[in-house]
2 protein chains.
Amino acid sequence: MSGTTTQARPGGRSARVRASVHRAVHELLAEDSAEALTLPAVAGRAGVHPTTLYRRWGSVADLLSDVATSRFSGDIVVPDTGSLRGDLERWVTDVATDLADPDSLAIIRAAVGSGPEGGCACLTDRHAQLAAMLDRERARGGEVPEVSRAADALLGPLYYRAVFTAEPVEPGWAKDLVASLLR
Amino acid sequence: MSGTTTQARPGGRSARVRASVHRAVHELLAEDSAEALTLPAVAGRAGVHPTTLYRRWGSVADLLSDVATSRFSGDIVVPDTGSLRGDLERWVTDVATDLADPDSLAIIRAAVGSGPEGGCACLTDRHAQLAAMLDRERARGGEVPEVSRAADALLGPLYYRAVFTAEPVEPGWAKDLVASLLR
(Lines give C-alpha, C1' and ligand atoms only; values in the text may rest on other atoms or scores of the structure.)
Protein backbone atom coordinates (compact mmCIF):
# COMPACT_ATOMS: atom_id res chain seq x y z
CA MET A 1 0.00 0.00 0.00
CA SER A 2 3.06 2.24 -0.29
CA GLY A 3 2.20 5.66 -1.57
CA THR A 4 -1.57 5.31 -1.34
CA THR A 5 -1.66 7.69 1.61
CA THR A 6 0.45 10.32 -0.13
CA GLN A 7 -1.17 13.69 0.44
CA ALA A 8 -1.01 16.01 -2.51
CA ARG A 9 -2.13 19.59 -2.89
CA PRO A 10 -5.29 19.56 -5.02
CA GLY A 11 -4.35 20.65 -8.48
CA GLY A 12 -0.66 19.90 -7.90
CA ARG A 13 1.36 17.71 -10.26
CA SER A 14 1.03 14.73 -7.95
CA ALA A 15 -2.77 15.00 -7.95
CA ARG A 16 -2.84 15.35 -11.74
CA VAL A 17 -0.71 12.24 -12.17
CA ARG A 18 -2.95 10.29 -9.79
CA ALA A 19 -6.08 11.42 -11.63
CA SER A 20 -4.76 10.41 -15.04
CA VAL A 21 -3.48 7.08 -13.74
CA HIS A 22 -6.86 6.31 -12.13
CA ARG A 23 -8.60 7.29 -15.37
CA ALA A 24 -6.29 4.97 -17.32
CA VAL A 25 -7.16 2.05 -15.01
CA HIS A 26 -10.90 2.72 -15.42
CA GLU A 27 -10.50 2.84 -19.20
CA LEU A 28 -8.43 -0.33 -19.44
CA LEU A 29 -10.87 -2.24 -17.20
CA ALA A 30 -13.86 -0.96 -19.18
CA GLU A 31 -12.18 -2.30 -22.32
CA ASP A 32 -12.15 -5.71 -20.66
CA SER A 33 -8.39 -5.89 -20.77
CA ALA A 34 -7.98 -6.84 -17.11
CA GLU A 35 -5.58 -9.57 -18.18
CA ALA A 36 -3.29 -6.99 -19.68
CA LEU A 37 -3.50 -4.63 -16.70
CA THR A 38 0.18 -4.08 -15.96
CA LEU A 39 1.92 -0.99 -14.62
CA PRO A 40 3.62 -0.32 -17.99
CA ALA A 41 0.24 -0.61 -19.78
CA VAL A 42 -1.36 1.84 -17.34
CA ALA A 43 1.62 4.18 -17.64
CA GLY A 44 1.35 4.14 -21.43
CA ARG A 45 -2.35 4.92 -21.35
CA ALA A 46 -1.91 7.67 -18.73
CA GLY A 47 1.05 9.26 -20.50
CA VAL A 48 3.19 8.88 -17.39
CA HIS A 49 6.63 7.31 -17.11
CA PRO A 50 6.42 3.70 -15.79
CA THR A 51 9.03 4.53 -13.12
CA THR A 52 6.57 6.99 -11.58
CA LEU A 53 3.99 4.23 -11.19
CA TYR A 54 6.45 1.73 -9.75
CA ARG A 55 7.67 4.34 -7.24
CA ARG A 56 4.22 5.51 -6.22
CA TRP A 57 2.17 2.29 -6.22
CA GLY A 58 4.70 -0.53 -6.37
CA SER A 59 2.38 -3.12 -7.87
CA VAL A 60 -0.84 -3.53 -9.80
CA ALA A 61 -2.51 -4.81 -6.60
CA ASP A 62 -1.61 -1.63 -4.71
CA LEU A 63 -2.77 0.55 -7.58
CA LEU A 64 -6.08 -1.32 -7.82
CA SER A 65 -6.52 -0.98 -4.07
CA ASP A 66 -6.04 2.79 -4.38
CA VAL A 67 -8.46 3.02 -7.33
CA ALA A 68 -11.11 0.90 -5.57
CA THR A 69 -10.82 2.84 -2.31
CA SER A 70 -11.17 6.10 -4.19
CA ARG A 71 -14.06 4.88 -6.35
CA PHE A 72 -16.11 3.34 -3.52
CA SER A 73 -15.56 5.92 -0.78
CA GLY A 74 -18.10 8.67 -0.31
CA ASP A 75 -19.98 7.53 -3.41
CA ILE A 76 -23.16 6.67 -1.52
CA VAL A 77 -24.73 9.06 0.98
CA VAL A 78 -25.90 7.26 4.13
CA PRO A 79 -29.70 7.69 4.07
CA ASP A 80 -31.58 9.16 7.03
CA THR A 81 -35.25 8.28 6.60
CA GLY A 82 -36.12 8.12 10.30
CA SER A 83 -36.27 4.32 10.54
CA LEU A 84 -33.67 1.58 10.28
CA ARG A 85 -35.80 -0.34 7.79
CA GLY A 86 -36.20 2.71 5.58
CA ASP A 87 -32.50 3.53 5.78
CA LEU A 88 -31.40 0.00 4.93
CA GLU A 89 -33.91 -0.33 2.07
CA ARG A 90 -32.68 2.87 0.47
CA TRP A 91 -29.05 1.94 1.04
CA VAL A 92 -29.26 -1.58 -0.44
CA THR A 93 -31.07 -0.07 -3.42
CA ASP A 94 -28.14 2.31 -3.95
CA VAL A 95 -25.60 -0.48 -3.50
CA ALA A 96 -27.56 -2.72 -5.92
CA THR A 97 -27.68 0.07 -8.50
CA ASP A 98 -23.94 0.54 -8.17
CA LEU A 99 -23.30 -3.19 -8.55
CA ALA A 100 -25.43 -3.30 -11.69
CA ASP A 101 -22.98 -0.90 -13.36
CA PRO A 102 -20.49 -2.91 -15.45
CA ASP A 103 -17.70 -0.39 -14.77
CA SER A 104 -18.14 -0.67 -10.99
CA LEU A 105 -18.21 -4.43 -11.26
CA ALA A 106 -15.04 -4.51 -13.35
CA ILE A 107 -13.17 -2.56 -10.65
CA ILE A 108 -14.55 -4.76 -7.86
CA ARG A 109 -13.60 -7.96 -9.67
CA ALA A 110 -10.14 -6.64 -10.46
CA ALA A 111 -9.62 -5.43 -6.88
CA VAL A 112 -10.57 -8.74 -5.24
CA GLY A 113 -7.67 -9.69 -3.02
CA SER A 114 -6.05 -6.25 -3.26
CA GLY A 115 -7.21 -5.02 0.15
CA PRO A 116 -5.54 -5.42 3.54
CA GLU A 117 -5.02 -9.10 4.42
CA GLY A 118 -6.47 -10.16 1.11
CA GLY A 119 -9.85 -8.45 1.48
CA CYS A 120 -11.25 -5.98 -1.04
CA ALA A 121 -10.56 -2.27 -0.64
CA CYS A 122 -13.93 -1.72 -2.32
CA LEU A 123 -15.79 -2.57 0.91
CA THR A 124 -14.29 -0.47 3.67
CA ASP A 125 -16.78 2.35 3.19
CA ARG A 126 -19.75 -0.03 2.88
CA HIS A 127 -19.07 -1.45 6.35
CA ALA A 128 -18.73 2.07 7.79
CA GLN A 129 -22.04 3.10 6.19
CA LEU A 130 -23.81 0.06 7.62
CA ALA A 131 -22.36 0.69 11.08
CA ALA A 132 -23.51 4.33 10.92
CA MET A 133 -27.15 3.34 10.21
CA LEU A 134 -27.15 0.70 12.95
CA ASP A 135 -25.56 3.12 15.46
CA ARG A 136 -28.20 5.75 14.72
CA GLU A 137 -31.02 3.25 15.34
CA ARG A 138 -29.37 2.11 18.55
CA ALA A 139 -29.16 5.76 19.70
CA ARG A 140 -32.92 6.03 19.05
CA GLY A 141 -33.37 3.11 21.47
CA GLY A 142 -34.07 0.49 18.79
CA GLU A 143 -32.84 -3.09 18.83
CA VAL A 144 -30.34 -3.71 16.11
CA PRO A 145 -28.39 -6.68 14.76
CA GLU A 146 -24.61 -6.68 15.03
CA VAL A 147 -22.75 -5.08 12.13
CA SER A 148 -21.14 -8.36 11.12
CA ARG A 149 -24.52 -10.11 10.97
CA ALA A 150 -26.03 -7.28 8.96
CA ALA A 151 -23.04 -7.38 6.60
CA ASP A 152 -23.41 -11.14 6.13
CA ALA A 153 -27.14 -10.82 5.44
CA LEU A 154 -27.00 -7.80 3.14
CA LEU A 155 -23.53 -7.34 1.64
CA GLY A 156 -23.02 -11.12 1.41
CA PRO A 157 -25.82 -11.84 -1.07
CA LEU A 158 -25.34 -8.50 -2.88
CA TYR A 159 -21.64 -8.99 -3.64
CA TYR A 160 -22.00 -12.74 -4.11
CA ARG A 161 -24.65 -12.31 -6.81
CA ALA A 162 -22.86 -9.46 -8.51
CA VAL A 163 -19.39 -10.96 -8.52
CA PHE A 164 -19.90 -14.73 -8.61
CA THR A 165 -23.08 -15.31 -10.56
CA ALA A 166 -24.72 -14.06 -13.71
CA GLU A 167 -27.96 -13.35 -11.80
CA PRO A 168 -29.26 -9.79 -11.75
CA VAL A 169 -28.88 -7.63 -8.63
CA GLU A 170 -32.32 -6.04 -8.51
CA PRO A 171 -33.55 -3.40 -6.04
CA GLY A 172 -36.71 -5.40 -5.20
CA TRP A 173 -34.67 -8.47 -4.40
CA ALA A 174 -32.26 -6.35 -2.35
CA LYS A 175 -35.15 -4.98 -0.24
CA ASP A 176 -36.22 -8.58 0.51
CA LEU A 177 -32.79 -9.08 2.09
CA VAL A 178 -33.60 -6.25 4.51
CA ALA A 179 -36.95 -7.90 5.32
CA SER A 180 -35.16 -11.20 6.05
CA LEU A 181 -32.65 -9.47 8.32
CA LEU A 182 -35.20 -7.44 10.32
CA ARG A 183 -38.06 -9.95 10.57
CA MET B 1 -14.09 -21.94 -23.17
CA SER B 2 -12.69 -23.54 -26.31
CA GLY B 3 -11.02 -26.80 -25.58
CA THR B 4 -12.23 -27.22 -22.01
CA THR B 5 -14.55 -30.01 -23.07
CA THR B 6 -11.85 -31.92 -24.93
CA GLN B 7 -12.18 -35.58 -24.05
CA ALA B 8 -8.93 -37.41 -23.64
CA ARG B 9 -8.20 -41.05 -22.89
CA PRO B 10 -7.04 -41.27 -19.28
CA GLY B 11 -3.29 -41.52 -19.30
CA GLY B 12 -3.10 -40.20 -22.85
CA ARG B 13 -0.79 -37.35 -23.80
CA SER B 14 -3.63 -34.85 -23.75
CA ALA B 15 -4.57 -35.83 -20.18
CA ARG B 16 -0.94 -35.61 -19.06
CA VAL B 17 -0.56 -32.13 -20.56
CA ARG B 18 -3.75 -30.98 -18.86
CA ALA B 19 -2.64 -32.37 -15.50
CA SER B 20 0.76 -30.67 -15.63
CA VAL B 21 -0.76 -27.38 -16.79
CA HIS B 22 -3.31 -27.46 -13.94
CA ARG B 23 -0.51 -28.27 -11.49
CA ALA B 24 1.51 -25.31 -12.81
CA VAL B 25 -1.45 -22.95 -12.26
CA HIS B 26 -1.91 -24.21 -8.69
CA GLU B 27 1.80 -23.73 -7.99
CA LEU B 28 1.99 -20.25 -9.47
CA LEU B 29 -1.13 -19.13 -7.55
CA ALA B 30 0.19 -20.63 -4.31
CA GLU B 31 3.35 -18.59 -4.82
CA ASP B 32 1.17 -15.48 -4.85
CA SER B 33 2.23 -14.63 -8.35
CA ALA B 34 -1.30 -14.11 -9.67
CA GLU B 35 -0.13 -10.90 -11.29
CA ALA B 36 2.35 -12.84 -13.39
CA LEU B 37 -0.12 -15.56 -14.35
CA THR B 38 0.23 -15.53 -18.12
CA LEU B 39 -0.01 -18.42 -20.59
CA PRO B 40 3.75 -18.29 -21.32
CA ALA B 41 4.52 -18.37 -17.57
CA VAL B 42 2.25 -21.38 -17.07
CA ALA B 43 3.74 -23.09 -20.12
CA GLY B 44 7.25 -22.57 -18.77
CA ARG B 45 6.35 -24.00 -15.39
CA ALA B 46 4.49 -26.95 -16.92
CA GLY B 47 7.21 -27.72 -19.42
CA VAL B 48 4.76 -27.41 -22.32
CA HIS B 49 5.10 -25.31 -25.44
CA PRO B 50 3.14 -22.01 -25.14
CA THR B 51 1.45 -22.73 -28.48
CA THR B 52 -0.21 -25.78 -26.93
CA LEU B 53 -1.76 -23.61 -24.22
CA TYR B 54 -2.95 -20.94 -26.65
CA ARG B 55 -4.51 -23.61 -28.87
CA ARG B 56 -6.16 -25.52 -26.06
CA TRP B 57 -7.29 -22.75 -23.67
CA GLY B 58 -7.01 -19.54 -25.66
CA SER B 59 -6.68 -17.22 -22.68
CA VAL B 60 -5.76 -17.11 -19.01
CA ALA B 61 -9.46 -16.62 -18.17
CA ASP B 62 -10.44 -19.82 -19.99
CA LEU B 63 -7.61 -21.74 -18.35
CA LEU B 64 -8.60 -20.48 -14.88
CA SER B 65 -12.20 -21.42 -15.60
CA ASP B 66 -11.09 -24.96 -16.47
CA VAL B 67 -8.88 -25.21 -13.37
CA ALA B 68 -11.63 -23.86 -11.07
CA THR B 69 -14.28 -26.17 -12.56
CA SER B 70 -11.99 -29.14 -12.12
CA ARG B 71 -10.92 -28.16 -8.59
CA PHE B 72 -14.42 -27.42 -7.26
CA SER B 73 -16.38 -30.24 -8.92
CA GLY B 74 -16.98 -33.44 -7.01
CA ASP B 75 -14.73 -32.24 -4.19
CA ILE B 76 -17.51 -32.25 -1.61
CA VAL B 77 -19.85 -35.21 -1.17
CA VAL B 78 -23.46 -34.13 -0.71
CA PRO B 79 -24.30 -35.24 2.85
CA ASP B 80 -27.33 -37.43 3.58
CA THR B 81 -28.03 -37.19 7.31
CA GLY B 82 -31.79 -37.70 7.10
CA SER B 83 -32.76 -34.07 7.70
CA LEU B 84 -32.36 -30.89 5.68
CA ARG B 85 -30.90 -29.07 8.68
CA GLY B 86 -28.35 -31.82 9.27
CA ASP B 87 -27.42 -31.95 5.59
CA LEU B 88 -27.00 -28.19 5.29
CA GLU B 89 -25.00 -27.93 8.52
CA ARG B 90 -22.55 -30.58 7.39
CA TRP B 91 -22.33 -29.10 3.91
CA VAL B 92 -21.64 -25.50 5.02
CA THR B 93 -19.00 -26.88 7.38
CA ASP B 94 -17.30 -28.58 4.43
CA VAL B 95 -17.58 -25.47 2.27
CA ALA B 96 -16.22 -23.32 5.13
CA THR B 97 -13.29 -25.69 5.60
CA ASP B 98 -12.54 -25.50 1.89
CA LEU B 99 -12.72 -21.70 1.91
CA ALA B 100 -10.30 -21.54 4.85
CA ASP B 101 -7.64 -23.22 2.66
CA PRO B 102 -5.37 -20.50 1.17
CA ASP B 103 -4.85 -22.52 -2.02
CA SER B 104 -8.60 -22.85 -2.65
CA LEU B 105 -9.05 -19.17 -1.98
CA ALA B 106 -6.26 -18.23 -4.39
CA ILE B 107 -7.97 -20.15 -7.19
CA ILE B 108 -11.39 -18.65 -6.38
CA ARG B 109 -10.01 -15.12 -6.32
CA ALA B 110 -8.13 -15.66 -9.56
CA ALA B 111 -11.17 -17.24 -11.24
CA VAL B 112 -13.57 -14.41 -10.36
CA GLY B 113 -15.11 -13.26 -13.61
CA SER B 114 -13.84 -16.28 -15.54
CA GLY B 115 -17.15 -18.15 -15.58
CA PRO B 116 -19.99 -17.94 -18.08
CA GLU B 117 -21.38 -14.40 -18.32
CA GLY B 118 -18.80 -13.16 -15.86
CA GLY B 119 -19.72 -15.49 -12.98
CA CYS B 120 -17.24 -17.81 -11.30
CA ALA B 121 -16.75 -21.35 -12.58
CA CYS B 122 -15.94 -22.27 -8.97
CA LEU B 123 -19.64 -22.23 -8.03
CA THR B 124 -21.45 -24.40 -10.53
CA ASP B 125 -21.12 -27.52 -8.41
CA ARG B 126 -22.04 -25.71 -5.18
CA HIS B 127 -25.40 -24.71 -6.63
CA ALA B 128 -26.03 -28.25 -7.84
CA GLN B 129 -25.18 -29.66 -4.39
CA LEU B 130 -27.55 -27.21 -2.69
CA ALA B 131 -30.33 -28.05 -5.14
CA ALA B 132 -29.81 -31.78 -4.52
CA MET B 133 -30.28 -31.40 -0.75
CA LEU B 134 -33.36 -29.21 -1.14
CA ASP B 135 -34.86 -31.60 -3.70
CA ARG B 136 -34.38 -34.56 -1.37
CA GLU B 137 -36.14 -32.74 1.48
CA ARG B 138 -38.98 -31.76 -0.84
CA ALA B 139 -39.31 -35.44 -1.87
CA ARG B 140 -39.64 -36.30 1.83
CA GLY B 141 -42.56 -33.89 1.97
CA GLY B 142 -40.71 -31.10 3.77
CA GLU B 143 -41.11 -27.40 3.11
CA VAL B 144 -37.98 -25.95 1.57
CA PRO B 145 -36.77 -22.52 0.56
CA GLU B 146 -36.04 -21.83 -3.09
CA VAL B 147 -32.51 -22.65 -4.26
CA SER B 148 -31.77 -19.01 -5.04
CA ARG B 149 -32.82 -17.90 -1.55
CA ALA B 150 -30.77 -20.66 0.06
CA ALA B 151 -27.77 -19.69 -2.09
CA ASP B 152 -28.13 -16.03 -1.07
CA ALA B 153 -28.38 -16.95 2.62
CA LEU B 154 -25.59 -19.55 2.72
CA LEU B 155 -23.19 -19.13 -0.21
CA GLY B 156 -23.55 -15.33 -0.09
CA PRO B 157 -22.04 -14.80 3.36
CA LEU B 158 -19.59 -17.71 2.95
CA TYR B 159 -18.00 -16.44 -0.26
CA TYR B 160 -18.36 -12.80 0.73
CA ARG B 161 -16.40 -13.33 3.96
CA ALA B 162 -13.78 -15.54 2.35
CA VAL B 163 -13.16 -13.43 -0.72
CA PHE B 164 -13.91 -9.84 0.30
CA THR B 165 -12.99 -9.61 3.95
CA ALA B 166 -10.19 -10.67 6.24
CA GLU B 167 -12.71 -12.21 8.67
CA PRO B 168 -12.45 -15.93 9.39
CA VAL B 169 -14.90 -18.39 7.84
CA GLU B 170 -15.60 -20.61 10.85
CA PRO B 171 -17.76 -23.75 10.93
CA GLY B 172 -19.77 -22.49 13.97
CA TRP B 173 -20.56 -19.25 12.23
CA ALA B 174 -21.49 -21.16 9.06
CA LYS B 175 -23.98 -23.31 11.01
CA ASP B 176 -25.63 -20.12 12.31
CA LEU B 177 -26.33 -19.23 8.68
CA VAL B 178 -28.32 -22.46 8.35
CA ALA B 179 -30.25 -21.60 11.52
CA SER B 180 -31.10 -18.15 10.08
CA LEU B 181 -32.27 -19.68 6.81
CA LEU B 182 -34.44 -22.40 8.37
CA ARG B 183 -35.87 -20.55 11.38
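Remember, it's a predicted structure, so these values are computed and weren't measured experimentally.

Lay out the packing of helix α1 (residues 13-30) of chain A against helix α4 (residues 60-71) of chain A with the relevant residues and their values.
All names here are of chain A. Where α1 contacts α4, the two axes come as close as 11 Å, and the packing angle between them is 95 degrees. Comparing their axes, α4 and α1 come out roughly perpendicular. Along the contact surface, α1 presents R18, V21, H22, V25, H26 and L29, while α4 presents L63, L64, D66, V67, S70 and R71. When grouped by side-chain class, the residues that make up the contact of α1 with α4 number six nonpolar, three polar and three charged.

With reference to specific residues and values, describe the UniProt feature "DNA-binding region" (unreviewed entry) in chain A.
Listed under "DNA-binding region" (unreviewed entry) in the UniProt record, and renumbered for this structure, are residues 38-57 of chain A. Annotation note: span residues 38-57 of chain A, helix share 75%, strand share 0%, distance between end C-alpha atoms 12 Å.

Describe the pattern of salt bridges, naming the residues involved and giving the relevant values.
One pass over the structure, following the stated rule, counts 26 salt bridges over all chains. Of the charged contacts in the structure, one is a salt bridge between D75 of chain B and R71 of chain B, with a shortest N-O distance of 3.3 Å. Accessibility expressed as a relative area gives 29% for D75 of chain B, which makes it partly exposed. A salt bridge links R126 of chain B to D75 of chain B; the shortest N-O distance between them is 2.9 Å. Here D75 of chain B lies in the loop between α4 (60-71) and α5 (84-99) and R126 of chain B lies in helix α7 (residues 124-139), a separation of 51 residues in the sequence. Among the charged side chains, a salt-bridge network with shared partners connects R71, D75, D98 and R126 of chain A.

The rules behind the values
- Residues numbered from 1 in each chain as written.
- Chains lettered and ligands numbered in written order.
- Predicted model: local features only at pLDDT ≥ 70, side-chain atom pairs only at ≥ 80, totals over all residues.
- Heavy atoms only, no water.
- Axes fitted to C-alpha atoms, helices over the stretch in contact; angles between N-to-C directions.
- Helix = DSSP H or I, 4+ residues; strand = E, 2+ residues; numbered from the N terminus.
- Parallel < 35°, antiparallel > 145°, perpendicular 65-115°, else oblique.
- Contact = heavy atoms within 4.5 Å.
- Nonpolar A, V, L, I, M, F, W, Y, C, P; charged D, E, K, R; others polar.
- UniProt positions renumbered as here; feature names shortened; annotations may be inferred.
- Salt bridge = Lys/Arg side-chain N within 4 Å of Asp/Glu carboxyl O.
- Buried < 20%, exposed > 50% of the residue type's maximum accessible area, 1.4 Å probe, protein only.

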